[in-house]
Amino acid sequence: ITGLHNKLAGDLMLPTAKLKQATHSQSASIADSIEACTNAVHSIIGPSCEVGASSVERCMSITDGFKIDELLLVVDECLAAFLSKICLTLRVIKDCVTSVKGSMEGQEGSEVSYDYSQQALPQDLLVAILRVLQIAALFSNSVGNLEESLRTSVASLRSRMESGSFEGIHIWFTLFPGQKEEHQSKLARLEAPLPSAKKAMKDFASSAEDLVLDFMMVKVKESLQGIKESKLWSRTEEKDKTFDLPSFSVFPSKHVTSLGEYLLVIPQQFEVLDDLEELSPTGSEAKERREGDQASEPSSFAAEWISKIVEEASKLYTRDILRIPRLSENGCSQLQADIDYLGNILQALFVSAPVALSTIAANLSLSAEEVKDPSSSRPKDCDGMAWDTVVKMRGGGG
């Protein structure tokens, strides 16, 4: 088991080394190098789990499961160690993405030839990084299937032991007196066959998701840059009393429109994940059903990630506007227009606004006089911290 896992891990060395080289040279081939790494990981996922399943099958067929507890321990430790080695490749991808993020955020010393002035992220780089999500999902699915298979084998062995329907295993009990009782005791405690591997897999998946989410927030942070320092919030304009002119609607600021435009293209970017369902046993059937539908909808996996990214973006926006030092009446009108605009974007993407953002909107709907006595108008289900912050921004009490 260990030998095969080491061989499989060795297959990652060359693409990982090439990715390091591409990162250091800051070349535009970074996307291709990331893709090569993820393809290499994809090719070894199946064999890495199959070796454990085949080992248990041989144990069951040859010894009737004698000492299976020790074998499961080896399978668990080897798979966990293997996942740790895969994490090294993921770490290199993360370092690469961090380097690219620095280029996208305008850090000095960058010579990457991507055009980052566009609203969407570079398609080739985006596809390569989203592929990391597919790899994590496939690996998690494979480890889960392996664990379920092992759990079924243990349950079958336990049932046979309790019913006494063994054949060859009695030979082992004869050769090793006292092993039957010990074997039964160990089988009774074998509920989670792969505790270490599952933890390693969870860590791998978490790191992969953090990597992708962090990358997808680059454009969000770019849109929100300088929002709290904007003069829009403290602007004061005295109304011309010479003529009784009507008040005009306030347009959303460039910060929130830039953010909204980016959020609206995310579903298109995630179309590359539509083939993810092919990774599951019923994936091809699910894809055929989708292709047969007239309405084209993203897969559940893609839809989940679209919501996750939009929710994170709205949280970052909420965090930044709560850092605005002061809000004039004109500033309140501007911020209310911005939040209304973003609320429409969230509604179009079927994502609920954060409670804190809804709380800010509720506060901004109050007049200046009402803010001075916020306790009487404060909603019961609001975000208390957000409410108090906006009250202070508007110069109210509390």
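Keep in mind that this is a model prediction, so the values were computed, not measured.

(A) The arrangement of the overall build of the protein chain in detail. The helix and strand tally for the protein chain stands at 16 helices and zero strands. In the protein chain, buried positions account for 45% of the 398 residues. When contacts within the protein chain are restricted to residue pairs at least 6 apart in sequence, those whose partners lie at least 24 apart make up 81%. As presented, the protein chain carries roughly 20,800 Å² of accessible surface, and 52% of it is formed by carbon and sulfur atoms.

(B) Fine view of the environment of serine 367. With respect to the helices and strands, serine 367 occurs in the loop between helix H14 (355–364) and helix H15 (368–371). As a C-alpha pair, serine 367 and cysteine 332 span 35 residues in sequence and 9.9 Å in three-dimensional space.

(C) How the structure looks around the side chain of glutamine 134. Following the sequence through the fold, glutamine 134 ends up in helix H5 (residues 123–163). Side-chain polar atoms of glutamine 134 contact the side chain of arginine 131, separated by 2.5 Å.

(D) Region of interest: the nonpolar core. Ranked by internal contacts, the top residues of the largest apolar core, which has 102 residues, are Ile34, Phe139, Leu263, Phe270 and Tyr317. Core analysis: the next-biggest nonpolar cluster, separate from the first, contains five residues, Leu366, Val371, Cys382 and Val391 among them.

(E) Helix H1 (residues 2–10), seen in detail. Considered for burial, the residues of H1 that qualify are His5, Leu8 and Ala9. Relative to the axis of H1, the buried residues are bounded by an arc of 100 degrees and lie together on one face. Away from its buried face, by an angle of more than 90 degrees, H1 presents the exposed residues Gly3 and Lys7.

(F) Spotlight on the confidence of the model for the protein chain. With 79% of its residues at a pLDDT of 70 or more, the protein chain has an overall mean of 80. When the elements of the protein chain are averaged for pLDDT, helix H11 (residues 283–292) gives the smallest value, 48, and helix H13 (residues 329–348) the largest, 95. The low-confidence segment residues 240–248, where pLDDT is below 50, has two contacts with residues more than four positions distant or belonging to other chains.

(G) Expanded view of the packing of helix H10 (residues 254–269) against helix H12 (residues 300–321). Where H10 meets H12, the axes come as close as 10 Å, and the angle between the chain directions of the two elements is 170 degrees. One finds that H10 runs roughly antiparallel with respect to H12. Packed against H10, whose contacting residues are Val256, Leu259, Leu263, Ile266 and Pro267, the element H12 presents Ile306, Ile309, Val310, Ala313 and Tyr317 at the interface. Here the contact of H10 with H12 is composed, by residue class, of ten nonpolar, no polar and no charged.

Thresholds applied
Along every chain, residues carry numbers that run from 1 in the direction the sequence is written. pLDDT decides what is reported in this predicted model: residues at 70 or higher carry local features, side-chain atom pairs at 80 or more are listed and counted, and totals for whole chains, interfaces and linings draw on all residues regardless. Excluding hydrogens and water, the side-chain figures rest on all heavy atoms present in the structure. Counting from the N terminus, the helices are DSSP H or I runs at least four residues long and the strands are E runs at least two residues long. Burial classes follow relative accessibility: with a 1.4 Å probe on protein chains only, a residue under 20% of its type's maximum area counts as buried, one over 50% as exposed, and anything between as partly exposed. Note on definitions: a residue-residue contact is assigned when non-hydrogen atoms from the two residues lie within 4.5 Å. Working definition of accessibility: Shrake-Rupley area with a 1.4 Å probe, residue cover restricted to the visible protein chains. Whenever a nitrogen or oxygen atom comes within 3.5 Å of another N or O atom, the pair is scored as a polar contact, on the condition that within protein one atom can donate a hydrogen and the other can accept it, and that pairs from neighbouring residues in sequence are kept only if both atoms are in side chains. Remark: nonpolar core denotes a set of buried residues (Ala, Val, Leu, Ile, Met, Phe, Trp, Tyr, Cys) joined through side-chain atoms within 4.5 Å. Note: the arc covers the axis-to-C-beta directions of the helix. In predicted models, pLDDT denotes the confidence assigned by the predictor to each residue on a 0 to 100 scale. An axis is simply a line fitted to the C-alpha atoms; with a helix, the fit covers only the stretch in contact. Between two such axes, the angle follows the N-to-C directions and lies from 0 to 180 degrees. Every angle not falling under 35 degrees, over 145, or within 65 to 115 is termed oblique; those three ranges are roughly parallel, roughly antiparallel and roughly perpendicular. Amino acid classes used here: Ala, Val, Leu, Ile, Met, Phe, Trp, Tyr, Cys and Pro are nonpolar; Asp, Glu, Lys and Arg are charged; the rest, including Gly, are polar.

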